[in-house]
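# Per-entry structural report
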Protein chains: 2
Amino acid sequence: MRDVAIIGIGQIPVGEHWDSSLRMLAAEAIQLSLEDAGIEQIDALYVGNAYGGTFSSQTHLGALIADYAGLSNVEAYTTEAAEASGAAALRTAYLAVASGAVETAAVVGVEKSTDMLANARVQARNVSLDADYESAHGATLTALAALLMRRYMYEYDVELSAFEGFSINAHANGGLNDYAMFKNSIKPGRFAKAPMIADPVSLFDNAPDADGAAAVIITSANRAIDMVPQPVRITGSAAATDTLTLHDRSDLLYLKAANISAHKAYARAGITAKEVNLFELHDAYTILSALTLEATGFAARGEGWKLAQSNVIGLKGSLPISTFGGLKARGNPVGATGIYQAVEACLQLRGKANANQVADATTALIQNLGGLGSTAIAHILQI
Amino acid sequence: MRDVAIIGIGQIPVGEHWDSSLRMLAAEAIQLSLEDAGIEQIDALYVGNAYGGTFSSQTHLGALIADYAGLSNVEAYTTEAAEASGAAALRTAYLAVASGAVETAAVVGVEKSTDMLANARVQARNVSLDADYESAHGATLTALAALLMRRYMYEYDVELSAFEGFSINAHANGGLNDYAMFKNSIKPGRFAKAPMIADPVSLFDNAPDADGAAAVIITSANRAIDMVPQPVRITGSAAATDTLTLHDRSDLLYLKAANISAHKAYARAGITAKEVNLFELHDAYTILSALTLEATGFAARGEGWKLAQSNVIGLKGSLPISTFGGLKARGNPVGATGIYQAVEACLQLRGKANANQVADATTALIQNLGGLGSTAIAHILQI
C-alpha cells in the first residue's frame, strides 16, 4: 500500500452563486487545484455530491464535470453518503492512489443548493433520511438534531447556552476567512435567544445550506515530494457507519461511527488524539460538535460542551476546531463540505492560513458526517 | 497492489417486486452472496445505485443497507455513474481491497424502479442526462439512442432488421435464466415490426427498467484461495469517460470510453480481446451492442451489427454475449446491472451456468455503460 499525499488544493467562496451552475462551480475548483499543484492533467476524478439529483436535476457528474473541466476521458464517478459525500470521494481517491492503480487523482466536492428555494430544499434534502420511517412522517434532519440535542440537555443537565461557544468560535473564525459565507460575529448571550428552527436548534446553531465547490489533487507520497514544496500526507483514512435512524440506536448520545472512523484513522497514522493539532469537525449543529468531541477522544461523555466554554477550541487553544468557520460560518455546501475541510487543513499544515493560522500545526484530523453520524469518514493529514 | 478475487455471488430475480422495498432487495442479495462465500461479516460495503434519490426518495444507502443487512458499523457508501453505477461500486471495492486498506468487501447493486409509474420514471431517469442541454429540452435516453441508431444506419447503410440478432440472442438466453425478467423468445422478422418507442428504437430493442439487486463478495486473491473452491480473479479493472452529451462528441459512432476502459482492462490482465471467452456487454439498446463490439476490439467500425447476423454471439458461438439475457431480457435494474454482469460472469467461469453455460469459459469481459457510453467501466474476470 503506497503512501498518499495532497499536492494541490482549490476552493471557491461558499455562498449563493446565482450566476453559476453546478458544473461551473466544480470546474472552477478543479482548475484552481490543478494550478496549485502545477499540473494540467490527472488520471481520475472522484466527485463528492449529495443532492445533484434532487437539487439540480443533475446526476452522472463524473462524466459531466470531467468533460466540462477539460479532463477528457479520465476515469470519473460520484460518491454519495449524504453530508459525508465529499469525504467519501476523498476516501475513494485515497484507495485508488494507494493501490497503485491510479497515479494522480482529482477529488472535487460540489453542491448547488440555490437551484431551489429553501422550502423545496428541505424536501429535496430529506431523501437522505429514512424514507419509510423518518421523512415520510415529516421529520427533517434539523428536527432530528433537535431531538438529539434535547436528550443531551436532559441527560447531562445542560442549558441551551452551554452550546453557544461552538457557534461563537465558528463565526469568529469565519469572519477571518475570505471564502466563508458568514462573516458576522455572534455575541455571547445571543445564541440562546436566536429564532428557533426546531426547538432547541436555533438559527445560530444550524449550519446554512450553500453553494460551493472545493478540490484537492492527490498522488503517491513518493511522487509528491518531487512535484510540490509542501505535500500534505494523508496518513490515516477510515470510514464507518451507524444506523441511519436515531430510533434504531442503542445509545442515542454516542456517535459510534464517528468513534470508529477517528480511532481507525489514528491507528493507521500511528498517532493518538493527543497529537492532533487541529480538528475540522462536522459542526452542522452544535450538538454534533459536542458529541463528536466525545466520540473522537477529546472529551469524556457528557462533557463535550465544556470545551466550548473555554478557549480550548479557539485558534490559540489546545484543540482548535472549525478553524475557517466550520460548517456553521464557512457554510455547508453539502457534498463539498468534506473537501473544504481537507483544503482548510492543508492551508493550516502549509502555514498558509493567514489570519486563521493555528501555530505550528503539523497534524490535522478532519471528519465528515452523513446525517446525524450515520456515516463518518475521517482522515489524518500531516506535514 | 494485491490481486483481488470474487468469493461470493448473490442475485434476486429481476422484475417487478411490488412487495419489497429498495433496502429489502439489497439485503437479500447481500445475504445470498455472504452465504455463497461462507462468511458472515465483511469490512466494507459499496453500493451501486443510480436513481434512489429520484425513484425511491432514498439516498444515503450505504448506512441504510449496511444496517438493514446486519453489517453493523462497516464502512459503506454509494457510487453513482448513471447506468454504470454498479460497476463503479465494483471498481471502488476492487481498489479498496487491492490497496490493502480493506480485507473483505461486499458490493451490492440495487435499483427499485417500480417505486414510480413509467411516465414519472422517464423524468426521474432524466437526471443523468445533461440538465441544461438535453433533459431541459425534452430529450430522453431512448430518444438520444434513436438519434445514434439512425446515424449508424445512415452512415453504414444498414437496415433496422440488421439489429434484430442482438435482441433474439438476448431473449433466447434470458429464456433459460431463472432470474431473467423476460422469458419470451423473439421470432426472426418481428423486431423491425415492433411498436416504436423512439423511432427507430422499438419495444424489442429497448431494455426494460426493472427492480433488482445483485451482490458479490471480494477479498485478496491470496485469502480467496483458502476460503472457497472456485475464486474468480479480477485481473483487469478500468474506467473511462466520454462527453456526457452526444452533440459534444467529435466522432458520434465511436464509443471512446468503452474503447479506453476495455483496452486498459485487457492490458492490466495481460490479455487481448481474442482471449475473451464471453462478454457481458451493456445492451441497453441494440445500437450500444453494435458500437460496443466495435469499440472493444471485436469488430471493425461499422461492422458490429454483422456479429448479430451469425451465431458468433450465441452461447455456442466464438463470442457469446448477454449470456443470461443481458439488459434486454434479464432486465435492467439500473444501478444493479453492473453487478448482475459480474454475478453472471462468475457463474460462467465456475461452470455453474446450467442451460446458459458457455463451454470451457476461463476469461470473461464485463462492461457497464453510463448513458450512451459517457461512462464505461470494464472488468476482466478469470478462473
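Residues numbered from 1 in each chain as written. Chains lettered and ligands numbered in written order. Predicted model: local features only at pLDDT ≥ 70, side-chain atom pairs only at ≥ 80, totals over all residues. Heavy atoms only, no water.

### Brief notes about the overall build of chain A
Applied cut-off: Secondary structure counts use DSSP, requiring at least four H or I residues in a row for a helix and at least two E residues in a row for a strand, with both numbered from the N terminus. The globule rule used for comparison is 2.2 Å times the number of residues to the exponent 0.38, while the radius of gyration itself is calculated over C-alpha atoms. Burial classes follow relative accessibility: with a 1.4 Å probe on protein chains only, a residue under 20% of its type's maximum area counts as buried, one over 50% as exposed, and anything between as partly exposed. Note that accessible areas follow from Shrake-Rupley with a 1.4 Å probe, and for residues the cover is restricted to the protein chains shown. Neither His nor the chain ends is counted toward charge; the positive residues are Lys and Arg and the negative residues Asp and Glu. Each charge is placed at NZ for Lys, CZ for Arg, CG for Asp and CD for Glu.
For chain A, the count of helices and strands is 12 helices and 11 strands. What you see for chain A is a C-alpha radius of gyration of 19 Å, in line with the 21 Å of a compact globule of 383 residues. Reported as C-alpha extents along the three principal axes, the dimensions of chain A are approximately 55 × 45 × 40 Å. In chain A, which comprises 383 residues, the proportion classed as buried is 71%. Summed over its atoms, the accessible surface of chain A is roughly 12200 Å², and 49% of this surface lies on carbon and sulfur atoms. Charged side chains in chain A number 26 positive and 38 negative. The centres of these two groups are separated by 5 Å.

### Observations concerning the relation of the copies chain B and chain A
Test applied: Alignment of copies: least-squares fit on C-alpha atoms of residues with pLDDT of at least 70 in both copies.
Between chain B and chain A, which share one sequence, the superposing operator has a rotation angle of 180° and an axial displacement of 0.0 Å; the RMSD is 0.0 Å. What the rotation and shift describe, once combined, is the action of a two-fold rotation axis. Relative to the rotation axis, the C-alpha of S99 of chain B is the closest in chain B, positioned 1.8 Å from it.

### Looking at helix 5 (residues 118-125) of chain A
All names here are of chain A. We apply this condition: Our arc is simply the arc of the directions from the helix axis toward the C-beta atoms. Every residue pair with non-hydrogen atoms within 4.5 Å of one another is taken to be in contact.
Every buried residue belonging to helix 5 is among R121, A124 and R125, and all of these are buried. All buried residues of helix 5 fall inside an arc of 90° around its axis, so they share one side. Residues N119 and Q123 are exposed on helix 5 and point more than 90 degrees away from its buried face. Its buried side turned inward, helix 5 meets helix 2 (52-55) and helix 6 (141-156).

### Some remarks on the side chain of E344 of chain B
Counting through the fold element by element, E344 of chain B comes out in helix 12 (residues 337-350). Non-local contacts of E344 of chain B, meaning those with residues more than four positions away in its chain, are made with N177, E280, F324 and R330 of chain B.

### Some points on the pairing of strand 2 (residues 44-48) of chain A
The side chains of a regular strand alternate, first on one face of the sheet and then on the other. All names here are of chain A. Heads up, the condition is: Strands pair, by our definition, only if DSSP identifies at least two bridges between them.
Most of strand 2 sits out of view: 5 of its 5 residues are buried. Across the two faces of strand 2 the burial is the same, with A44, Y46 and G48 and L45 and V47 all buried. In this structure, strand 2 lies alongside strand 3 (residues 75-80), joined through 5 bridges in parallel fashion. Each bridged residue has a counterpart across the sheet, and for Y46 the counterpart in strand 3 is Y77.

### Quick look at the packing of helix 4 (residues 85-99) of chain A against helix 12 (residues 337-350) of chain A
Residues and elements named next belong to chain A. Using the following cut-off: Here the axes come from fitting lines to C-alpha atoms, over the contacting stretch only for helices, and the angles between their N-to-C directions go from 0 to 180 degrees. Gly is placed with the polar residues, together with every amino acid not listed as nonpolar (Ala, Val, Leu, Ile, Met, Phe, Trp, Tyr, Cys and Pro) or charged (Asp, Glu, Lys and Arg).
Running from amino to carboxyl end, helix 4 crosses helix 12 at an angle of 65°, the nearest separation of the two axes being 5 Å. Contacts from G86, A87 and L90 of helix 4 reach helix 12 at G338, I339 and A342. Residue classes in the contact of helix 4 with helix 12 are distributed as 4 nonpolar, 2 polar and no charged.

### With respect to the pattern of salt bridges
The cut-off we apply is this: For this analysis, a salt bridge means a side-chain nitrogen from Lys or Arg found within 4 Å of a carboxyl oxygen belonging to Asp or Glu.
The final tally for this structure, using the stated rule, is 34 salt bridges over all chains. When the shortest N-O distance is used, the salt bridge between R23 of chain B and D130 of chain A registers 2.8 Å. Separated into two different chains, R23 of chain B in helix 1 (residues 22-37) and D130 of chain A in the loop between helix 5 and helix 6 make up a pair that spans both. With its nearest N and O atoms 3.8 Å apart, the salt bridge here joins D115 of chain B to K112 of chain B. Judged by its relative accessible area of 2%, K112 of chain B is buried. Salt bridges here are not isolated pairs; linked through shared partners, they connect E83, R121, R125 and D209 of chain A.

### Structural notes on the interface of chain B and chain A
Selection rule: Once two parts are put together, the accessible area they lose, assessed with a 1.4 Å probe and summed over both, is termed the buried area. Definition of a polar contact: a pair of N or O atoms within 3.5 Å, with one able to donate and the other able to accept a hydrogen when the atoms are protein atoms, and with sequence-neighbouring residues admitted only if both atoms are side-chain atoms.
Facing the 58 residues of chain B at the interface are 58 residues of chain A. Of the roughly 4300 Å² buried between chain B and chain A, counting both surfaces, carbon and sulfur atoms make up 51%. Along the contact surface separating chain B from chain A lie 6 salt bridges. Applying the counting rule to chain B against chain A returns 28 residue pairs in polar contact (both at pLDDT 80 or more). Secondary structure elements with two or more residues in the side of chain B that touches chain A: helix 2 (52-55), helix 3 (61-68), strand 3 (75-80), helix 4 (85-99), strand 8 (232-241), helix 9 (256-269) and strand 11 (375-382) of chain B. When residues in the side of chain B that touches chain A are grouped by element, the largest group, 7 residues, is from helix 4 of chain B. Across the side of chain B that touches chain A, the residue classes tally to 26 nonpolar, 21 polar and 11 charged. Here strand 3 of chain A pairs with strand 3 of chain B via 3 bridges, running antiparallel. Considered in strand 3 of chain B, the bridge of T79 of chain A is made with T79 of chain B.

### Thoughts on the nonpolar core
What tends to happen in soluble globular proteins is that the nonpolar side chains get buried as a cluster. Heads up, the rule is: Nine residue types can take part in a nonpolar core, namely buried Ala, Val, Leu, Ile, Met, Phe, Trp, Tyr and Cys, and a core is a set of them joined through side-chain atoms within 4.5 Å.
Of all hydrophobic cores here, the largest spans 167 residues; its most connected members are L45, Y46 and V216 of chain A together with L45, Y46 and V216 of chain B. Setting aside residues no more than four positions away along its own chain, V216 of chain B makes contact with I6, G8, I9, S33, L90, A105, A106, V107, I339, A342 and V343 of chain B. The next biggest cluster of nonpolar side chains, apart from the first, holds 62 residues, and it includes L141, A262, A269 and L327 of chain A.

### As for the confidence of the model for chain A
In plain terms, the rule: Predictor confidence is given residue by residue as pLDDT, running from a minimum of 0 to a maximum of 100.
When pLDDT is averaged across chain A, the result is 97; 100% of the residues are at 70 or more. Scored as a complex, the prediction yields pTM 0.98 and ipTM 0.98.

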